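# Reading the structure
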Protein chains: 2
Amino acid sequence: MACRDLPDTGLPAEFGFIARIFRPLAGHGALDLRDDAAVFTPPPGRQIVIAADAMVESVHFLPDDPAETVGRKLLRCNLSDLAGMDATPLGYLLTVSMPPARDEAWFAGFATGLARDQQEFGITLLGGDTTSTTGPLVLSLTVLGHVAPGMALRRNTARVGDGLWVTGTIGDGAMGLLARRGEIADRDGYLAGRYQLPRPRLGLALGAVASAGMDVSDGLVQDLGHMARESGVGAVIHAAQVPLSPAVRALGPQWLPTCLGGGDDYELLLAVPPGHEALLRDHAARQGVSVTRIGQVVARAGVRVLDASGAEMVLARRGWSHAM
Amino acid sequence: MACRDLPDTGLPAEFGFIARIFRPLAGHGALDLRDDAAVFTPPPGRQIVIAADAMVESVHFLPDDPAETVGRKLLRCNLSDLAGMDATPLGYLLTVSMPPARDEAWFAGFATGLARDQQEFGITLLGGDTTSTTGPLVLSLTVLGHVAPGMALRRNTARVGDGLWVTGTIGDGAMGLLARRGEIADRDGYLAGRYQLPRPRLGLALGAVASAGMDVSDGLVQDLGHMARESGVGAVIHAAQVPLSPAVRALGPQWLPTCLGGGDDYELLLAVPPGHEALLRDHAARQGVSVTRIGQVVARAGVRVLDASGAEMVLARRGWSHAM
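An unreviewed UniProt entry lists chain A under the name Thiamine-monophosphate kinase, with Komagataeibacter rhaeticus given as the organism. Comment text from UniProt for chain A, heading Catalytic activity (unreviewed entry), reads "thiamine phosphate + ATP = thiamine diphosphate + ADP". We quote the UniProt Function (unreviewed entry) comment for chain A here in full: "Catalyzes the ATP-dependent phosphorylation of thiamine-monophosphate (TMP) to form thiamine-pyrophosphate (TPP), the active form of vitamin B1."

This is the structure:
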């Protein structure tokens, strides 16, 4: 709110734009977006969890993606980061760098999507900034949540002997992107929907159930590699056990590598001690979320993916190479 | 950390880039930037203050501004938002959307600047995201601070009879931008320095001293207009009392309107009851910051700027029109 454009590139009447588009999304601590910062009282006895992600048009979403789902996907990617640490969402801040040609109607749709998800996830907008840019639309979102002290799930605490589990199904997001590009059939739009609208796996209360956890966003095999390396262990997964949706299965087994390395899943990857498996199933069932055991944590470093015959699969692409 | 690029636009070896450039900036709660979110324990009995600002190359900074000052300016703009609410900084998150041509050396300088300011202001990097973009470099920063409950300075609580005060000098940032563009002389670089490196007025402990406060970033007269309107009052300022630096005074009185409407000051504007003036001077003196009374809060709506003869000045430009 404090930094300004250089002369001659400022957006006209931006205060009115903010009032019309973003003020309806603002919650209590946002002070109606009238001050330069938001103020809130942290839930007593809790730690704060905070994450930030940016999305760039034509890089992270397609120019013809509906404005409503663009806002929701950005929010949900961030909520998935909270889910990966077993945190409960509190609110978010948003910065928007907009090209001059982008009209207000687009942002009205964008805000409509955010409003829907605010209601679904029980959060509000706390603040942010709008600026102009000569390049593509850039959206950056910071999400805040809270967690019981010391109970945040970490990715560096997997232990040899833990089972490896995932929520939901893997590969729908990667296949949904191919569907959006017309490279595969997607008659009922299920896959495109999974790509455009991830489902952050919040509320599973796994802090005392799993040894380690993270959300799968850059490709299952690559993300598992991070968990294994940072935990000082290795991992074996059985490709035939990786849960695929009926829509992906119908496309044929040749797509399995794409699913294992594709990214955009926003499911949780969990390392769970054998004694906690019943607890895991119970917590997941209460939220209506499926959980599937796909392998185990082993001492030997690296991630090995085994096919149905027990032979190691060689994957050309294990995931996406950038994150912070 | 969770959202990824579409195929063929990903940055190579981004994990290494993060490790080299940003991990050295990470503090305790950042979990070494290895997880998707940061976790921290809020200071007991305090409220959290949070603000976000974005800067776009060629919009908010010049392509030939040194990388080191670009990072510091972004951080300081956000810290100035905290100062405007009398909050104490805790840490920050950063998202970077970078064009392919930007080399790592630029970011090394950028990080060097951030490291210097982290030390100066006692904060660390908590997390963030890096992505690619086809447009100009976009930097978005979210800053976190804390404040005693109910003591955050607000801009909507100025009262008739309060004096209006500013810290430091007004107009150096606006004149510094003109100097950077070669439109005015700036032999020793003082003005350019003030434009490139604002000084957030943290630590003044004004929550119980001022009735209202905010940082001046979009132009003194415009920002005062916000304070007055949102407080349901008006304001009168005396142009001759507005503190100008020797460098600005040397350029001549014709630049006064530029200073009053120019923006990029990052000084504090305060409404202070007459009984608290000694306290204000005392708090400011302890931080080595000058404070100057420039006018008063009145009942009549609007902001009037009076010249030395008491006649109302008409300003063509009162400030910048966008903020959130």
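## Observations regarding the packing of aromatic side chains
The relation between two aromatic rings is expressed through the spacing of the ring centres and the mutual angle of the planes. Residues and elements named next belong to chain A. If you walk through the whole model with that rule in mind, you get 10 aromatic pairs over all chains. Consider the rings of Phe 17 and Phe 22, whose centres lie 6.0 Å apart with planes at 80 degrees: the pair is edge-to-face. According to the relative accessible area criterion, Phe 17 is buried, its value standing at 9%. Overall, the relative accessible area of 0% leaves Phe 22 in the buried class. Aromatic side chains Trp 106 and Phe 107 sit 5.1 Å apart centroid to centroid with 80 degrees between the ring planes, which places their arrangement in the edge-to-face category. This pair shows no difference in class: Trp 106 is buried, exactly as Phe 107 is.

## Some points on the domain arrangement of chain A
Residues and elements named next belong to chain A. Its domain assignment divides chain A into domain 1 (14–147) and domain 2 (163–306). One C-alpha centre belongs to domain 1, the other to domain 2; they are set 26 Å apart. Taken residue by residue, the interface counts 21 residues in domain 1 and 19 residues in domain 2. Of the roughly 1600 Å² buried where domain 1 meets domain 2, counting both sides, 57% is carbon and sulfur surface. Looking at the side of domain 1 facing domain 2, the largest losses of area belong to Lys 73, Arg 76 and Asp 86, adding up to 32% of the total buried there. Our enumeration of links across domain 1 and domain 2 arrives at 3 salt bridges. For Arg 180, the salt bridge is made with Asp 64, and the minimal N-O distance between the two is 2.9 Å. Inspection of the domain 1/domain 2 interface yields 10 residue pairs in polar contact (both at pLDDT 80 or more). When residues in the side of domain 1 that touches domain 2 are grouped by element, the largest group, 11 residues, is from helix α2 (residues 67–84). Here the residues of the side of domain 1 that touches domain 2 sort into 10 nonpolar, 4 polar and 7 charged.

## Comments concerning the UniProt feature "binding site: ATP" (unreviewed entry) in chain A
In this numbering, the UniProt entry assigns the feature "binding site: ATP" (unreviewed entry) to Gly 128, Asp 129, Arg 155 and Ser 217 of chain A. Spatial dispersion of the annotated residues is evident: they stretch over 90 residues in sequence, and the largest pairwise C-alpha distance comes to 31.9 Å. Asp 129 of chain A sits in the buried class, given a relative accessible area of 0%. If we ignore the near neighbours within four places in the chain, the residues touching Arg 155 of chain A are Ala 212, Gly 213, Met 214, His 226, Met 227, Glu 230 and Ser 231 of chain A together with Arg 34, Asp 35 and Asp 36 of chain B.

## Some points on the sheet that holds strand β7 (residues 212–216) of chain B
Residues and elements named next belong to chain B. Here 6 strands make up an open sheet; going across it, the order is β7-β9-β6-β10-β8-β11 and the pairing mixed. At either margin of the open sheet sits one strand with a lone partner, and together these are β7 and β11 (302–306). In this sheet, neighbouring strand axes are inclined to one another by 25 degrees on average, regardless of whether the strands run parallel or antiparallel. Strand direction decides the pairing type here: β7 and strand β9 (residues 267–272), joined by 5 bridges, are antiparallel.

## Let's talk about the pairing of strand β3 (residues 88–98) of chain A
Of all 11 residues in β3 of chain A, 9 are buried, a share of seventy percent or more. On the question of chirality, the crossover connecting β3 of chain A to the parallel strand β4 (residues 124–132) of chain A by way of helix α3 (residues 104–121) of chain A is right-handed.

## As for the side chain of Arg 76 of chain A
Note on placement: Arg 76 of chain A falls in helix α2. Residue class for Arg 76 of chain A comes out buried when judged on its relative accessible area of 4%.

## As for the environment of Ala 67 of chain B
All names here are of chain B. Relative to the helices and strands, Ala 67 is located in helix α2 (residues 67–84). Note on Ala 67: relative accessible area 13%, which makes it buried. Put simply, Ala 67 and Phe 110 are 43 residues apart on the chain and 4.6 Å apart in space, counted from C-alpha to C-alpha.

## Looking at the UniProt feature "binding site: Mg(2+) 5" (unreviewed entry) in chain A
With numbering matched to this structure, UniProt assigns "binding site: Mg(2+) 5" (unreviewed entry) to Asp 218 of chain A. Relative to the assigned elements, Asp 218 of chain A resides in the loop between β7 (212–216) and α6 (220–231).

## Points about the sheet that holds strand β3 (residues 88–98) of chain B
Within a sheet, adjacent strands bond to each other through the backbone by hydrogen bonds, running parallel or antiparallel. As summarised here, the arrangement of the 5 strands in space is β1(A)-β2(B)-β5(B)-β3(B)-β4(B), forming an open sheet in which the pairing is mixed. Unpaired on one side and paired on the other, β1 (38–40) of chain A together with β4 (124–132) of chain B mark the two borders of the sheet. For this sheet, the mean angle separating the axes of adjacent strands, direction not counted, is 15 degrees. Sheet strands touched by α2 of chain B: β2 (47–56), β3 and β5 (138–147) of chain B. Its angle to β2 of chain B, the strand with the most contacts, is close to 145 degrees. The strands touched by helix α3 (residues 104–121) of chain B within the sheet are β3, β4 and β5 of chain B, with β3 of chain B carrying the most contacts at an inclination of about 170 degrees.

## Considering helix α9 (residues 277–286) of chain B
All names here are of chain B. Buried within α9 are the following residues: Leu 280, His 283 and Ala 284. Axial view of α9: buried residues confined to an arc of 95 degrees, hence all on one face. Facing away from the buried side of α9 by more than 90 degrees, the exposed set consists of Ala 278, Ala 285 and Arg 286. In this structure, the buried side of α9 is in contact with β6 (163–167), β9 and β10 (291–298). Immediately beyond the C-terminal end of α9, within one or two residues, lies Gly 288, with a positive phi of roughly 70 degrees.

## Describing the packing of α2 of chain B against α3 of chain B
When two helices pack together, you describe them by how their axes are tilted relative to each other and by the distance separating the axes. All names here are of chain B. Two numbers describe how α2 lies on α3: the axes approach to 6 Å, and their chain directions differ by 40 degrees. Of the possible angle classes, the one that applies to α2 and α3 is oblique. Seen along the crossing, α2 lies across α3 with a hand that is right-handed. Residue-level contacts link Ala 67, Glu 68, Val 70, Gly 71, Arg 72, Leu 75, Arg 76 and Leu 79 of α2 to Trp 106, Gly 109, Phe 110, Thr 112, Gly 113, Leu 114, Arg 116, Asp 117, Glu 120 and Phe 121 of α3. Its residues placed into classes, the contact of α2 with α3 shows 8 nonpolar, 4 polar and 6 charged.

Conventions adopted
Residues numbered from 1 in each chain as written. Chains lettered and ligands numbered in written order. Predicted model: local features only at pLDDT ≥ 70, side-chain atom pairs only at ≥ 80, totals over all residues. Heavy atoms only, no water. UniProt positions renumbered as here; feature names shortened; annotations may be inferred. Phe/Tyr/Trp six-rings, centres within 6.5 Å; stacked < 30°, edge-to-face > 60°. Buried < 20%, exposed > 50% of the residue type's maximum accessible area, 1.4 Å probe, protein only. Domains from an automatic or database assignment. Contact = heavy atoms within 4.5 Å. Buried area = accessible area lost by both parts, 1.4 Å probe. Salt bridge = Lys/Arg side-chain N within 4 Å of Asp/Glu carboxyl O. Polar contact = N/O pair within 3.5 Å; in protein donor to acceptor, adjacent residues only side chain to side chain. Helix = DSSP H or I, 4+ residues; strand = E, 2+ residues; numbered from the N terminus. Nonpolar A, V, L, I, M, F, W, Y, C, P; charged D, E, K, R; others polar. Pairing = 2+ DSSP bridges. Axes fitted to C-alpha atoms, helices over the stretch in contact; angles between N-to-C directions. Right-handed = clockwise from strand over helix to strand, strands pointing away. Arc of directions from axis to C-beta. Parallel < 35°, antiparallel > 145°, perpendicular 65-115°, else oblique. Left-handed = near helix turned anticlockwise from the far one by under 90°.

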